[in-house]
4 protein chains.
Amino acid sequence: MSSTYGEILKLSIFGQSHGPAIGMTLDGIPAGLPVDTEKLQAFLNRRAPGNNAFSTARKEVDAPEFLSGIVDGYTCGAPISAIIRNTNTRSNDYSNLKDCPRPGHADFPAQIKYKGYQDVAGGGHFSGRLTAPLCIAGGLCKQWLEREGIRIGAHISVLAGIADEPVYLDWVNPNLDAIGTDFPVLNPVAGAKMQEGIAAAKADGDSVGGIIECIAVGLPVGWGDPMFDGVESKIAQIVYGVPAVKGLDFGSGFTGSYLRGSQNNDQYRIENGSVVTRTNQAGGILGGITTGMPLVFQAAIKPTPSIAKPQESVSLTKMENQPLTVQGRHDPCIVPRAVPVIEAAAAIAIFDLYLKNGI
Amino acid sequence: MSSTYGEILKLSIFGQSHGPAIGMTLDGIPAGLPVDTEKLQAFLNRRAPGNNAFSTARKEVDAPEFLSGIVDGYTCGAPISAIIRNTNTRSNDYSNLKDCPRPGHADFPAQIKYKGYQDVAGGGHFSGRLTAPLCIAGGLCKQWLEREGIRIGAHISVLAGIADEPVYLDWVNPNLDAIGTDFPVLNPVAGAKMQEGIAAAKADGDSVGGIIECIAVGLPVGWGDPMFDGVESKIAQIVYGVPAVKGLDFGSGFTGSYLRGSQNNDQYRIENGSVVTRTNQAGGILGGITTGMPLVFQAAIKPTPSIAKPQESVSLTKMENQPLTVQGRHDPCIVPRAVPVIEAAAAIAIFDLYLKNGI
Amino acid sequence: MSSTYGEILKLSIFGQSHGPAIGMTLDGIPAGLPVDTEKLQAFLNRRAPGNNAFSTARKEVDAPEFLSGIVDGYTCGAPISAIIRNTNTRSNDYSNLKDCPRPGHADFPAQIKYKGYQDVAGGGHFSGRLTAPLCIAGGLCKQWLEREGIRIGAHISVLAGIADEPVYLDWVNPNLDAIGTDFPVLNPVAGAKMQEGIAAAKADGDSVGGIIECIAVGLPVGWGDPMFDGVESKIAQIVYGVPAVKGLDFGSGFTGSYLRGSQNNDQYRIENGSVVTRTNQAGGILGGITTGMPLVFQAAIKPTPSIAKPQESVSLTKMENQPLTVQGRHDPCIVPRAVPVIEAAAAIAIFDLYLKNGI
Amino acid sequence: MSSTYGEILKLSIFGQSHGPAIGMTLDGIPAGLPVDTEKLQAFLNRRAPGNNAFSTARKEVDAPEFLSGIVDGYTCGAPISAIIRNTNTRSNDYSNLKDCPRPGHADFPAQIKYKGYQDVAGGGHFSGRLTAPLCIAGGLCKQWLEREGIRIGAHISVLAGIADEPVYLDWVNPNLDAIGTDFPVLNPVAGAKMQEGIAAAKADGDSVGGIIECIAVGLPVGWGDPMFDGVESKIAQIVYGVPAVKGLDFGSGFTGSYLRGSQNNDQYRIENGSVVTRTNQAGGILGGITTGMPLVFQAAIKPTPSIAKPQESVSLTKMENQPLTVQGRHDPCIVPRAVPVIEAAAAIAIFDLYLKNGI
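Residues numbered from 1 in each chain as written. Chains lettered and ligands numbered in written order. Predicted model: local features only at pLDDT ≥ 70, side-chain atom pairs only at ≥ 80, totals over all residues. Heavy atoms only, no water.

Trainee: So, the overall build of chain A: which residues are in play, and what are the values?
Mentor: Helices and strands together make up the secondary structure of chain A, namely eight helices and 18 strands. Against the globule reference of 21 Å for 359 residues, chain A gives a C-alpha radius of gyration of 21 Å, in line with a compact fold. When the backbone C-alpha atoms are referred to their principal axes, chain A occupies close to 70 × 50 × 35 Å. Counting every position in chain A, which comprises 359 residues, the buried fraction comes to 68%. If you sum the accessible surface of chain A, you get close to 11,400 Å²; carbon and sulfur atoms cover 50% of it. On chain A, the mean spot of the 29 positive side-chain charges and the mean spot of the 34 negative ones are 4 Å from each other. (Helix = DSSP H or I, 4+ residues; strand = E, 2+ residues; numbered from the N terminus. Rg over C-alpha atoms; globule rule 2.2 N^0.38 Å. Buried < 20%, exposed > 50% of the residue type's maximum accessible area, 1.4 Å probe, protein only. Areas by Shrake-Rupley, 256 points an atom, 1.4 Å probe, with all protein chains shown as cover. Lys, Arg positive; Asp, Glu negative; His and termini not counted. Charge placed at Lys NZ, Arg CZ, Asp CG, Glu CD.)

Trainee: Give a description of the sheet that holds strand 9 (residues 162-163) of chain D that names residues and reports values.
Mentor: Overall, antiparallel pairing links the 10 strands, which are arranged 9(C)-8(C)-10(C)-16(C)-11(C)-11(D)-16(D)-10(D)-8(D)-9(D) in an open sheet. The outermost strands of the open sheet, each flanked by one partner alone, are strand 9 (162-163) of chain C together with strand 9 of chain D. Where strand 8 (residues 151-159) of chain D and strand 9 of chain D come together, two bridges link them in antiparallel fashion. Residue Leu159 of chain D lies in a different strand from strand 9 of chain D, and its bridge partner there is Ile162 of chain D. Seen against the sheet, helix 8 (residues 335-357) of chain D touches strand 8, strand 10 (210-217), strand 11 (245-250) and strand 16 (295-301) of chain D and runs at an angle of roughly 145 degrees to strand 8 of chain D. (Pairing = 2+ DSSP bridges. Contact = heavy atoms within 4.5 Å. Axes fitted to C-alpha atoms, helices over the stretch in contact; angles between N-to-C directions.)

Trainee: Go over the interface of chain B and chain A with me, naming the residues and quoting the values.
Mentor: With 102 residues of chain B at the contact, the number on the chain A side is 102 residues. Considering only the surface of chain B that becomes buried against chain A, Phe228, Lys246 and Tyr268 of chain B emerge as the three largest contributors, covering 11% of it. Viewed at the interface, chain A and chain B are joined by six salt bridges. One salt bridge in this structure joins Lys246 of chain A and Glu232 of chain B, with 3.0 Å as the shortest N-O distance. Scanning the region where chain B abuts chain A turns up 45 residue pairs in polar contact (both at pLDDT 80 or more). (Buried area = accessible area lost by both parts, 1.4 Å probe. Salt bridge = Lys/Arg side-chain N within 4 Å of Asp/Glu carboxyl O. Polar contact = N/O pair within 3.5 Å; in protein donor to acceptor, adjacent residues only side chain to side chain.)

Trainee: Break down the relation of the copies chain B and chain A for me, with residues and values.
Mentor: Turning chain B through 180 degrees and shifting it by 0.0 Å along the axis lays it on chain A, with an RMSD of 0.0 Å. With respect to symmetry, the two chain copies, as superposed, fit the operation of a two-fold axis. A shared interface surface links the copies, since 100% of the contact residues of chain B are contact residues in chain A too. (Least-squares fit on C-alpha atoms with pLDDT ≥ 70 in both.)

Trainee: Any details on the pattern of salt bridges? Residues and values, ideally.
Mentor: Applying the stated rule across the entire model yields 72 salt bridges over all chains. Across the pair Lys234 of chain B and Glu7 of chain B runs a salt bridge, and its minimum N-O distance is 2.9 Å. With Lys234 of chain B in helix 5 (residues 231-239) and Glu7 of chain B in the loop between strand 1 (4-5) and strand 2 (10-15), this pair connects stretches of sequence that are 227 residues apart. Both residues of the pair, Lys234 of chain B and Glu7 of chain B, count as buried. The shortest N-O distance in the salt bridge between Lys356 of chain C and Glu7 of chain C comes to 2.9 Å. Of this pair, Lys356 of chain C sits in helix 8 (residues 335-357) while Glu7 of chain C sits in the loop between strand 1 (4-5) and strand 2 (10-15), and the two are 349 residues apart along the sequence. Judged by relative accessible area, which is 14%, Glu7 of chain C ranks as buried. Taken together, the salt bridges that share partners define one network made up of Glu7, Asp225, Lys234, Asp352 and Lys356 of chain A.

Trainee: Account for the interface of chain A and chain C, naming residues and giving values.
Mentor: Counting residues at the interface gives 40 residues for chain A, matched by 40 residues for chain C. When chain A packs against chain C, close to 2,900 Å² is buried across both sides, 61% of that on carbon and sulfur atoms. Inspection of the region where chain A meets chain C yields two salt bridges. With its nearest N and O atoms 2.7 Å apart, the salt bridge here joins Glu65 of chain C to Arg85 of chain A. One can count four residue pairs in polar contact (both at pLDDT 80 or more) joining chain A with chain C. Of all the elements in the fold, those that place two or more residues in the side of chain A that touches chain C are strand 2 (10-15), strand 3 (21-27), strand 4 (65-68), strand 6 (74-75) and strand 7 (80-85) of chain A. Sort the elements by how many residues they give to the side of chain A that touches chain C and strand 2 of chain A lands first, with five residues. Residues that form the side of chain A that touches chain C fall into these classes: 17 nonpolar, 17 polar and six charged. (Nonpolar A, V, L, I, M, F, W, Y, C, P; charged D, E, K, R; others polar.)

Trainee: Please provide a residue-by-residue account of helix 8 of chain D, values included.
Mentor: Given a rise of 1.5 Å per residue, 23 residues ought to cover 33 Å, and the 32 Å separating the end C-alpha atoms of helix 8 of chain D matches this to within 8%. Counting buried residues in helix 8 of chain D gives 21 out of 23 residues, a clear majority hidden from the surface. (Expected span 1.5 Å × (residues − 1).)

Trainee: Residue-level account of the packing of helix 5 (residues 231-239) of chain C against helix 5 (residues 231-239) of chain D, with values.
Mentor: With their axes 8 Å apart at the nearest point, helix 5 of chain C and helix 5 of chain D run at an angle of 175 degrees to one another. Classified by the angle between their axes, helix 5 of chain C and helix 5 of chain D sit roughly antiparallel to one another. Of helix 5 of chain D, the residues touching helix 5 of chain C (which contributes Ser233, Ala236 and Gln237 of chain C) are Ser233, Ala236 and Gln237 of chain D. The class makeup of the residues in the contact of helix 5 of chain C with helix 5 of chain D is two nonpolar, four polar and no charged. (Parallel < 35°, antiparallel > 145°, perpendicular 65-115°, else oblique.)

Trainee: Give me the lowdown on the packing of aromatic side chains, citing residues and values where you can.
Mentor: Counted according to the given criterion, the structure contains 38 aromatic pairs over all chains. An angle of 40 degrees between the planes, with centres 5.3 Å apart, marks the rings of Tyr117 of chain A and Tyr74 of chain C as tilted. Taken as a pair, Tyr117 of chain A in the loop between helix 2 (107-113) and helix 3 (131-147) and Tyr74 of chain C in strand 6 (residues 74-75) lie in two separate chains rather than in one. Accessibility expressed as a relative area gives 35% for Tyr74 of chain C, which makes it partly exposed. With a centroid separation of 5.2 Å and 90 degrees between ring planes, the pair formed by Tyr240 of chain C and Phe250 of chain D is classed as edge-to-face. (Phe/Tyr/Trp six-rings, centres within 6.5 Å; stacked < 30°, edge-to-face > 60°.)

Rendered as structure tokens:
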């Protein structure tokens, strides 16, 4: 099994990049939740290609058609399903991929696993396009969490090696509204340099990756469980389901592993009648359970494997080395478009926690 | 739900640090697999406290008693269960924790979540002691994977800020036998410095953390699934179930997010009649599916929250600030003992993959 | 959560009777399985309304559109999704159901559970129409099982109180080809009487129920697991997911509970080099595991709750008694159409067993 | 996987009849629930052998030792685990079962599935003894449901072909206190005849089966979900996990399939300000969701396969027919002891529903 997530909610993602449609089914949602389709569309547009200078040439409007689960603008308790029709597919571009796999893509392991029956067109089920239905589900969960006072935001903390500094996001009292809307960084100067980094990679027929920091505020104390269903485990399962994510840490994470306990422990104090911490190295999670402080994690996005530069590959039929130049226009950086995807993944995981702990 | 893991196998961990016993049930294991109890005990001893100069004073022999699932040295197809009796418990040390939570521990969120009914003695169910039954399950899975030609090893790549260098582990052809047995590093000089770092922290009443790199060799091509049941997701769920893990990345991971695509893509070539990659930035996983190259991941372990230094906390009953000095002897670094735990977690996840893909 | 089934395969059903579409996602299916769409359509037609004299007046062609998972007539390893557009909906018929619930339908508990937000049109998500996507999934599984030598059939064993006798199906060597294709019984005389029973109920503005016997032949020895994932449990979970099923037993089942052990035990013997039983009271399952004999179960279908006769109900807004006459044309018996649905449910459960035990 | 049940709670059963111990782990239980161990022991005693004239000679005190999850008489939020040590095992009685399987037992399919590695002593993991840990879990759930006003009871409705009549249990307003405590029937005269039936079977070296009717009162309206997680599906999964259960129906069940809709529909009326039904043919469930009426189901228990009479079997090594006489003392009827087991199974399923719907 592959494309199903959740404990109380059950999210199932389906579709291939160049098949008839992509879509999702979201089961386990209570009845009576309002659905703001305009707000959802605005969220989906943040992920869509073609809405900034750096994205792939393929312009698809990610306009979901809801097939079930919503009546008169409210959830009806039945599974919610939505599809997005694929248009403008160019399936003839991909005929060679079963023999000569692209480095950094799933072509080779998919060819072995699926014995040549996989859908290679546009990356098939492995395509980043599958993040569109993820964003439908996540955009809905994000709306519903806001009704509970839980907000989720994300910014690019590193791109092309350039950090979103010197303005770090405050982990204790993060201001999500400080994140740029055109380009999701805190420091526009850093953002401009990042865009230069993308342009430089593009000019070289190359690509760049980055790190996305995601923050959720408004979570109460006590959600999650110890061990394998801790909040870290639940978020990790879905965030690692996003193509191109190769790293994830929470709070001080990898950095914190270089510190001493006295530096990494978050000291408690009373503030306005509540228990808070002076720092938030824990990223809002201790023992797998929320602390009431902002939930903070960083996801490492690998540089897009599709590059124009010549690469070394093999012919699987001849079993000999074979150079490869991938044709077509390439997206030199998916990190900006991945920002809402990471928010969506977080929203789904947190809404599942809410359904279990918060109702 | 909290302490259950797996898709084909089902691992359930139970117990509290100072309760009558800790244990595990491992369901879904085929009949007829041999159990080498001496080898298992040797593995458990690597995790046990008191077997090196840096561990906690509490010395417990982690001698599992098998209650079911094994007959005459072979699995019988029924669930395997094993317990370890707790001895030498000192429950009176922990009476104050419900009122005055220790920074960096789960005390505060647990107090809210469980309304004061949680077992605070020795950390209860949140204790690192729960990694002992994890190691029983993982030690068994490790034995069985070796019969399939799959070996798992791990070393400390960073501890107290000191890296295991200049001898990096070769991700393409890793030599697991090069890892030290007394202290699991590749470079004994670095290992000695790490131990100095632990001693220095101890002298300061403080603690240190680190990073563990884990490698599995011998995995075939094609295990795992796209999206939420990808190999990264499955490993992440169990590794984040290990207390103190706050970061995880695969292959080049966070480092790779600073690279360009041409640097991070693993170029293919034919070698000895097989498809291999020249590098292994992917850590052996593309699209959630194994590539046949070594599976490599790094886990960030936070510095032990138990420190002797005075800290700031609060009284939850009085809702006022209250200084805290945690009594008792503290383990200034759990990273060396966590190495077999990370191996165990990897072994369980990979054996579950094997049961689904490999039989 | 509600509408998801399976251990290795994951089936998700969505849609409401009068919404835009109904559909299903079937995840976890291996790549390379052929899909015979004509054969599937013929199977779906057995369930469709309007194909015999006794079904509802609503005539819908259950023509599935596949959105994903199938490329060039073969499964590609990605989730298979298919939808059926709803046409000819008459949503204005159902406006009163939130206030005055129909006896025997889910109206009342749904009104409380979903707080009035449920989709009442045509029964919404509770409609028997949801068995169409179940038949898409089941029809595919049935095809694939046949490639493995496993055949599934079902007949009406009781309808309107009339038994399909004196020709009982032989449980030890069942001849599935003896089942009628126009009306699925073994004895056409009994079938004719059953149809008279339906006509009589219709004339009275009433309805009738019945019992369906389902048989799977060709299962090997050793599939399934003891206790909660036994074959009985797995089949029960999906068969009870079919609306109107209120009873289920295996082999001699309820009848067997009146027998003595010496009558109910199936004696072993060797026949043509294989271990077989002289009888098949166990219905092909012992200890939750297949015995290699035909798998046999009976499902009790309650009489259709939609009847023309006046009934007693209540006004939920006024909280007072209120007589109810349900308008519209009613299907006096769904049992014949439920036969392929029960086959579909069995096929899905058995294909899931095959994926776990048989590959 | 085999021996794990539940959606919010997770029950894992382990052990073999003649292994060191049997036990269970019950995960997902909220903290702060009181545990009445005397009441639990009284419940377990109802299942224990040797407490009436008709049970097996093996007398074991089912005294559970709790290893985790309970502190000072209250649940602490961590997984609850308990074991029962096996004593008085007679493993040498079972040496022949791998070659010559007993009719009606799992010996033959287990031998094929587990390739001879299964634990045959006393039935191993297939033994009815595994219902003892099920009763630990169910006895706890039963206590906790009573705190929520939900009571569960069961009686023998048929045994040795004798019905518990003419006093039927009233499905609309059942009086659970009318069930006998020494022998769980409503009509002591019928109970006496049933015991004669057991004695007669015993005298013949034979065994008898029966039907158990289980009722839960106090369930609110609206628990459960449509389709595969309906209340029927959830109860079926666990009830079919009880060895010897071969049939299950709800409310009028199989009988109802002979009725007309007008007879089987439960008409609504207002009574004391609540919506109730005049009859309860639905057994308290419509569309998979509770109606607020008593939940009623019947479980068919097959006659004990262990009988003294000579039977026909085969030698699996010689692949030839071989007569079999099973040695030892046999329990001619397990139905009375199965009554609390069925109650336990119902309690576990209903407590899982409560955790999802009722908190």
